[in-house]
Amino acid sequence: MAGCVTRVELSVSCQNLLDRDLGSRSDPLCVLLQEAGDGRWAELDRTERIKNCQNPEFCKKVVVDYYFEKVQRLKFGVYDIDNKSFDLRDDDYLGGIECTLGQVVSSSVLTRPLELKQGKPAGKGTITISAEEIKDTRVVHLDIEAQNLDKKDFLGKSDPFLEFYRQNDAGTWQLVYRSEVIKNNLNPCWRKFSVPLQTFCGGDFNKPIKVQCADHDSDGSHDLIGVFETDLAQLQRAGDGAPVEFECIHPEKKQKKKSYRNSGIVRIKSCKIEAEYSFLDYVMGGCQINFTVGVDFTGSNGDPKSPDSLHYISPDGINEYLAAIWSVGSVVQDYDSDKLFPAFGFGAQVPPSWQVSHEFALNFNPSNPYCQGIQGIVDAYRQVLPQIRLYGPTNFSPIINHVARFAAHSAQQGTAAHYFVLLIITDGEITDLDQTRQAIVSASKLPMSIIIIGVGEADFKAMEFLDGDSGVLKSLAGEPAARDIIQFVPFRQFRNAPREALSQMVLAEVPKQLVSYYKWQGWPPVKLPEVK
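Here goes a summary of the coordinates provided.

Reading guide: rules and limits
Residues numbered from 1 in each chain as written. Predicted model: local features only at pLDDT ≥ 70, side-chain atom pairs only at ≥ 80, totals over all residues. Heavy atoms only, no water. Disulfide = S-S within 2.5 Å. Buried < 20%, exposed > 50% of the residue type's maximum accessible area, 1.4 Å probe, protein only. Helix = DSSP H or I, 4+ residues; strand = E, 2+ residues; numbered from the N terminus. Contact = heavy atoms within 4.5 Å. Polar contact = N/O pair within 3.5 Å; in protein donor to acceptor, adjacent residues only side chain to side chain. Pairing = 2+ DSSP bridges. Axes fitted to C-alpha atoms, helices over the stretch in contact; angles between N-to-C directions. Salt bridge = Lys/Arg side-chain N within 4 Å of Asp/Glu carboxyl O. Core = buried A, V, L, I, M, F, W, Y, C linked by side-chain atoms within 4.5 Å.

**Some details on the state of the cysteines**
Part 1 of the reasoning: Throughout the structure, instances matching the rule amount to zero disulfides.
Part 2 of the reasoning: Cys213 provides the cysteine sulfur closest to Cys248, a residue in no disulfide bond, and the two sulfurs are 4.8 Å apart.
Part 3 of the reasoning: We classify Cys248 as buried; its relative accessible area is 0%.

**A look at the environment of Arg112**
Part 1 of the reasoning: Within the fold, Arg112 resides in strand E7 (residues 109-117).
Part 2 of the reasoning: Judged by its relative accessible area of 26%, Arg112 is partly exposed.
Part 3 of the reasoning: Counting along the chain gives 16 residues from Arg112 to Thr128, while the straight-line C-alpha distance between them is 6.6 Å.
Part 4 of the reasoning: Discounting residues that sit within four places of it in the chain, Arg112 has contacts with Ile97, Glu98, Cys99, Gln103, Thr126 and Ile127.
Part 5 of the reasoning: Here the side chain of Arg112 touches Glu98 through a polar contact of 3.3 Å, landing on its backbone oxygen.

**Examining the sheet that holds strand E12 (residues 193-196)**
Part 1 of the reasoning: Ordered by their spatial adjacency, four strands build an open sheet running E12-E9-E16-E15, and the pairing between neighbours is antiparallel. Of all the strands in the sheet, just E12 and strand E15 (244-247) have a single pairing partner and so form its edges. Sheet twist, expressed as the mean angle between neighbouring strand axes with direction ignored, is 35°.
Part 2 of the reasoning: Here 10 bridges tie strand E9 (residues 138-147) to strand E16 (residues 265-275), and the two strands are oriented antiparallel to one another. From the neighbouring strand, Ile144 faces E16, where its bridge partner is Ile268.

**Focus on the pattern of salt bridges**
Part 1 of the reasoning: All told, the structure shown has 23 salt bridges when counted by the stated rule.
Part 2 of the reasoning: Across the pair Arg166 and Glu132 runs a salt bridge, and its minimum N-O distance is 3.3 Å. Linking Arg166 in strand E10 (residues 160-167) with Glu132 in strand E8 (residues 120-134), this pair joins segments that are 34 residues apart in sequence.
Part 3 of the reasoning: Residue classification places Arg166 among the buried residues on the basis of a relative accessible area of 7%.
Part 4 of the reasoning: Given the relative accessible area of 23%, Glu132 is considered partly exposed.
Part 5 of the reasoning: A salt bridge links Arg492 to Glu457, with the shortest nitrogen-to-oxygen separation between them at 4.0 Å.

**Description of the nonpolar core**
Part 1 of the reasoning: Grouped together as the largest cluster of nonpolar side chains are 82 residues, with contacts concentrated most on Phe297, Met448 and Ile450.
Part 2 of the reasoning: No other element matches strand E24 (residues 418-426), which puts seven residues into this core.
Part 3 of the reasoning: Those residues in contact with Met448, other than ones at most four positions away along the chain, are Ile400, Val403, Ala404, Ala407, Tyr419, Phe420, Ala443, Arg483 and Ile485.
Part 4 of the reasoning: Ranked by size, the runner-up nonpolar core spans 31 residues in total, among them Val140, Tyr177, Leu186 and Trp190.

This is the structure in structure tokens:
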């Protein structure tokens, strides 16, 4: 695997988008896809959705790993979002472009006409993408409130929100952050927020920053309350109970009225700059990734002796379970120094009592369920298959709770030393959905991630529900997951793809999940990276 040369941050804006909504303007969002081989595209990231806007400047940046030696084909798609589902297939397509990352990087600002399909323009719509290399990993954390803002709404107060712009070398202003809207409040206190230092000011503490406060209108015609200019050096003076205050000035009001003072005061309560650690910082700093496998041995897989069973081992010694173990395990094993991996089965009757077990060791050694390397897991799987009876039900929660116990013990040490990845391979008919939801919500507070690979042709709706991509997963009691720790992939999508395609897809989220956990806990790498 070629080393990633650098990371590139892409800023996206559009002009003159098609109008797909009756009675209002479109609500656009931009999604970025990267070609994953064999004509398939994998989603890398997506921007926020902006309501009622035909000329959106998206605040959320999309980040791409840039490899000089690879042609990285990208597809930017703009959609009008009219529902809460994560799936874009039910949203109106406003156009897109295909290009390579090399084209974006070499032109630094790329503007292209949007197309509905090749050769068919999306009206007069265009998309502009600008690229910037990420060199600085520090992050700016800000806590801001305002007082005595001007009242802009006829029947109520104002609905204020903030926008931060940085001045580019060409003298133009580029949006770097947009706050949430606080309804009906002239003394708002916004949520604390963080922006990468590079995004915020290009690492230049004296680069001009423009802060704009506006009154939000649902039709997109926001009214300016006031504006001020500053820089990070000034903002940094805030903290320890001593805020930095700025007068919010409306330029037209200032010109017209001699007695005009300001349109309110914006107070920076605190401004801190902190290091942001990457996945490699944690791994190179000594974090071990502990890999556990759980294999579904329920009756719905079919009799292993029958060629149509998902557990049938073909003459070339392979089936979808083994292919999934090899594919994911071969990548993860490099991050675990002892190469000892616990492997369990669930949903089978096991000797000698023939009781159904939902977490039996594949090597039949409950006190030492560890297998030597990925080959050891494969050997244990092949040996156990003729010795058990496939049965049911399909309960995930026991094996999730099993790994969670180890993760909880590790978390008590208070260091970024061990992270746990559980791979569950299943034919998808889950029985204990409510208990599994609870187990996942509990595990979301621990240093662990869960990968579920669905084999066979089943309907995987329950798995997709657990993945939480369409919203935050909640337990039966309504407790939300602290973070997203599930990645579900149906194996059938990768049957004819190269082996590495499956591992890339299922493991793509693990680095983000690991970093998000340690960031949430405030734990640095065990060994801090050397400052070059």
